[in-house]
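Each chain is listed here by its residues.
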Amino acid sequence: GAGVSQTPSNKVTEKGKYVELRCDPISGHTALYWYRQSLGQGPEFLIYFQGTGAADDSGLPNDRFFAVRPEGSVSTLKIQRTERGDSAVYLCASSPTRTLNEQFFGPGTRLTVL
Amino acid sequence: DQQVKQNSPSLSVQEGRISILNCDYTNSMFDYFLWYKKYPAEGPTFLISISSIKDKNEDGRFTVFLNKSAKHLSLHIVPSQPGDSAVYFCAASAPGTGNQFYFGTGTSLTVIP
């Protein structure tokens, strides 16, 4: 079956612009996570959805970042007024339940803010 | 504040020998630890995990050891194979933190044929 997919694979934008990053989780997975990986660092937790609701958004760095999952499947990470420091690989993962060891990651979206 | 640390950014090992990747953590509340493997242009792939009630978990060529008193875990790969060449991340989770993982910075393993 298909794994987690993320689109676009690469996004280049100018400082101040708005971007949307999409994640298609594995069908039937109820939990969905967003992480951000900066150069030379490990993935950093941003937000976790259980179904349609954000169960934990404590990792979102500021109010320019927002994520939705309106129907409990596809999720969109939205970044307003992008800054150069937002440049990173944004990873999405999904899990069939809340179990900790089965987070399946997508390939990521590489965001570059010029 | 890096709660999970991998102090070796890279490691080279001869094929057939043992690879040992190390990870240290600072948060004594962590009770679940995982290792992920990542190839270029792909997302991390779950490799092996261990709960804090254990000190060892083995899965084929991969064994994870946990030393809670030292706040240290290690991943042993034996025998190492060229296909094991990848970046390895350790991650940890604490109860009541919303299922978020705290990742280390990764160790790039190269297995030389």
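Computed from a predicted structure; not experimentally measured.

Calculation criteria
Residues numbered from 1 in each chain as written. Chains lettered and ligands numbered in written order. Predicted model: local features only at pLDDT ≥ 70, side-chain atom pairs only at ≥ 80, totals over all residues. Heavy atoms only, no water. Helix = DSSP H or I, 4+ residues; strand = E, 2+ residues; numbered from the N terminus. Salt bridge = Lys/Arg side-chain N within 4 Å of Asp/Glu carboxyl O. Buried < 20%, exposed > 50% of the residue type's maximum accessible area, 1.4 Å probe, protein only. Contact = heavy atoms within 4.5 Å. Polar contact = N/O pair within 3.5 Å; in protein donor to acceptor, adjacent residues only side chain to side chain. Buried area = accessible area lost by both parts, 1.4 Å probe.

A closer look at unusual backbone geometry
(1) Moving on: The amide bond that connects Thr7(A) to the next residue, Pro8(A), takes the cis arrangement and shows omega of -10 degrees.
(2) Moving on: Along the chain, Pro8(A) falls in the loop between strand S1 (5-7) and strand S2 (10-13).
(3) Moving on: Each neighbour pair has its own omega, and for Val78(B) with Pro79(B) the value is -10 degrees, a cis peptide bond.
(4) Moving on: Positive phi outside glycine occurs at Ala41(B), with the angle close to 65 degrees.

Some thoughts on the pattern of salt bridges
(1) Moving on: With the rule as written, the count across this model stands at 4 salt bridges over all chains.
(2) Moving on: When the shortest N-O distance is used, the salt bridge between Asp24(A) and Arg22(A) registers 2.7 Å.
(3) Moving on: Residue class for Arg22(A) comes out partly exposed when judged on its relative accessible area of 38%.
(4) Moving on: Across the pair Asp84(B) and Arg61(B) runs a salt bridge whose closest N-O atoms are separated by 2.8 Å. A residue pair is termed long-range when its members are at least 10 positions apart, and Asp84(B) in the loop between strand S8 (72-77) and strand S9 (86-93) and Arg61(B) in the loop between strand S6 (56-59) and strand S7 (62-67) qualify at 23 residues.
(5) Moving on: With a relative accessible area of 2%, Asp84(B) lands in the buried category.
(6) Moving on: A single salt-bridge network, built from bridges that share partners, covers Arg64(A), Glu83(A) and Asp86(A).

Side note on the environment of Glu20(A)
All names here are of chain A.
(1) Moving on: Tracing the backbone through its elements, the reader meets Glu20 in strand S3 (residues 19-24).
(2) Moving on: Residue classification places Glu20 among the partly exposed residues on the basis of a relative accessible area of 44%.
(3) Moving on: When the C-alpha atoms of Glu20 and Glu83 are compared, they prove to be 14 Å apart, with 63 residues separating the residues in sequence.
(4) Moving on: If we ignore the near neighbours within four places in the chain, the residues touching Glu20 are Pro8, Thr76, Leu77 and Lys78.
(5) Moving on: A distance of 2.6 Å separates a polar atom in the side chain of Glu20 from a polar atom in the side chain of Tyr18.

Concerning the interface of chain A and chain B
(1) Moving on: Facing the 19 residues of chain A at the interface are 21 residues of chain B.
(2) Moving on: Both sides of the chain A and chain B interface together cover about 1,600 Å² of buried area, and 56% of this is carbon and sulfur.
(3) Moving on: In this structure, the connection of chain A to chain B is made through 0 salt bridges.
(4) Moving on: Our count for the contact surface shared by chain A and chain B stands at 3 residue pairs in polar contact (both at pLDDT 80 or more).
(5) Moving on: Of all the secondary-structure elements, those providing two or more residues to the side of chain A that touches chain B are strand S4 (31-37) and strand S5 (44-50) of chain A.

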